[in-house]
Amino acid sequence: MKEHKKFIEAANGPSLAEINGTVRIPKHHGFLRNILAFSGPGALVAVGYMDPGNWITSIGGGAQYGYVLLSVVFVSSLIAMLLQYMASKLGIVTGLDLAQATRQHTGKKLGIALWIVTELAIMATDIAEVIGGAIALNLLVGLPIIWGVILTIFDVLLLLFLMRLGFRKIEAIVITLITVIMVVFVYEVAISNPAIAEIAHGFIPQKEIINRGQLTMALGIVGATVMPHNLYLHSSIAQTRRYNRKDEEDVARAVRFSTWDSNIQLTVAFIINTLLLVLGASMFFGRGEGLGTFTSLYNALQDHHLAGAVASPLLSTLFAVALLASGQNSTITGTLSGQIVMEGFINLKLPTWARRLLTRGLSVIPVLIAAIYYQGREAGLDTLMIRSQVFLSIALPVSMIPLVYFTSSEKIMGKRFKNTKLIAGLGWLAAIMLTVLNLKLIVDMF
């Protein structure tokens, strides 16, 4: 641990200081008690893998190509587990989040440039969440999309209130909303009568994936696997547990159970993404043209010509409820990520309310301008959502490459906690592959 002590001391204070080390963990080492104590941060991370921005891709993939792309969803989830393991380990072992660690190894000008790129990526992530939440409110209660976008600004007040109650309360709310999403799609898939044998076959890679159309959709699924903000988020909130940071064994225990938490929650995200693709395949395969927006999916679920005999207004309403739950979850994690990045890269110290309002405003303002420009039409907002993914693609190497480098360094992590050669090799392979795929998506987009 002495080998990286100097590195730790160079940080600009604890990450998310108001919640850092606030959650008690049991002194005894019983497996179940530890799992329960460390469960929570993984749920906030998993939100990024099932946010509204992923829905169109997953359902559309099933509607156009059936169950063929399920193997892509599976591989994507394995990559997510690997990179999130590295992110949580970095935070627990060094006491730094990824933004702080990156800033310590760059000059002032480069640090500001990296902050701008990362901030744009978080804005791009939030755009999908804000649009999804606003459209869900429009579908459920008829609230005009422009007013729905404005309303999302006040989500920050809800977050401030929840933070006063303690970080465990936020974790509980996020887990509850994930459960709502899971229940909705389990029900919708169950009544859609999916082909079980074809689902099982879909998890085996098929040669059809390399066809142009399937490959483009597969690139979309894989390219959306790792959201840059999730790596910053996990490296910070993994530190909310009150473990003994000077005791190597206690640090090792924290890494172990944080990994369990992350993998369990990402498995849930994998199941939900599988359900989304299966829903698209079982209900709309062969007639899925024009299902590229949330409203078109909402309408299709009650259209007997598209969804078959099971179509009903209830399915549409449940879809909108799940969309709203996903949007609310994502706004919580997006705002926290914005704070982590702003504090870590440029050490900007503001009152908590001002800091969160600023990070929320940065993401909402572009959507509001677009909503006014397009007069609340969803088609225009969908175009904005697609174009915003460019920033995610640019920011991905900025977050992944430093993460793999830091966690593979004995100087930073110590001999015990650095990545093994196998983990480091897989990490570099995933980072290079995802970077290339995202660059390919940019080329295809334009």
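Since the structure is predicted, the reported quantities are computational estimates derived from the model, not experimental observations.

Rules used in this analysis
- Residues numbered from 1 in each chain as written.
- Predicted model: local features only at pLDDT ≥ 70, side-chain atom pairs only at ≥ 80, totals over all residues.
- Heavy atoms only, no water.
- Helix = DSSP H or I, 4+ residues; strand = E, 2+ residues; numbered from the N terminus.
- Buried < 20%, exposed > 50% of the residue type's maximum accessible area, 1.4 Å probe, protein only.
- Contact = heavy atoms within 4.5 Å.
- Areas by Shrake-Rupley, 256 points an atom, 1.4 Å probe, with all protein chains shown as cover.
- Salt bridge = Lys/Arg side-chain N within 4 Å of Asp/Glu carboxyl O.
- Phe/Tyr/Trp six-rings, centres within 6.5 Å; stacked < 30°, edge-to-face > 60°.
- Axes fitted to C-alpha atoms, helices over the stretch in contact; angles between N-to-C directions.
- Parallel < 35°, antiparallel > 145°, perpendicular 65-115°, else oblique.
- Left-handed = near helix turned anticlockwise from the far one by under 90°.
- Nonpolar A, V, L, I, M, F, W, Y, C, P; charged D, E, K, R; others polar.

K.L.:
How should I be thinking about the overall build of the protein in this particular structure?
P.N.:
Along its length, the protein carries 21 helices and zero strands. For the protein, the spread of C-alpha atoms along the principal axes amounts to about 65 × 45 × 45 Å. Here the protein, with 446 residues, has 58% of them falling under the buried criterion. Contacts in the protein between residues far apart in sequence, at least 24 positions, make up 84% of those at least 6 positions apart. Here the protein displays about 18300 Å² of accessible surface, and carbon together with sulfur accounts for 68% of that area.

K.L.:
Explain the pattern of salt bridges here, please?
P.N.:
Working definition: two side chains of opposite charge can pair if their charged atoms are close together. Inspection of every chain in the model, using the stated rule, returns six salt bridges. Put simply, Arg253 and Asp250 hold a salt bridge, and the shortest N to O gap is 2.9 Å. Taken together, the positions of Arg253 and Asp250, both in helix H14 (residues 248–284) and three residues apart, correspond to about one turn of that helix. One network of salt bridges, with partners in common, ties together Arg168, Glu171 and Arg241.

K.L.:
Honestly, the packing of aromatic side chains in this entry has me stumped. Any pointers?
P.N.:
Think of a pair of aromatic rings as described by two things: how far the centres are apart, and how the planes are tilted against each other in angle. All told, the structure shown has ten aromatic pairs when counted by the stated rule. Taken together, a centroid distance of 6.0 Å and an interplanar angle of 55° make the contact between Phe203 and Phe270 tilted. Of this pair, Phe203 sits in the loop between helix H11 (196–202) and helix H12 (212–223) while Phe270 is found in helix H14, placing the two residues 67 residues apart along the sequence. Judged by relative accessible area, which is 16%, Phe270 ranks as buried. Counting every residue linked through ring pairs, the aromatic cluster contains Phe31, Phe38, Phe257 and Trp260.

K.L.:
What's the story with the packing of helix H5 (residues 70–94) against H14 in this structure? I'm lost.
P.N.:
Viewed as axis vectors pointing N to C, H5 and H14 meet at an angle of 155°, and their least axial separation amounts to 9 Å. As judged from the angle between their axes, H5 and H14 are roughly antiparallel. Taken as a pair, H5 and H14 cross one another with a handedness that is right-handed. In the contact of H5 with H14, the residues fall into 15 nonpolar, ten polar and one charged.

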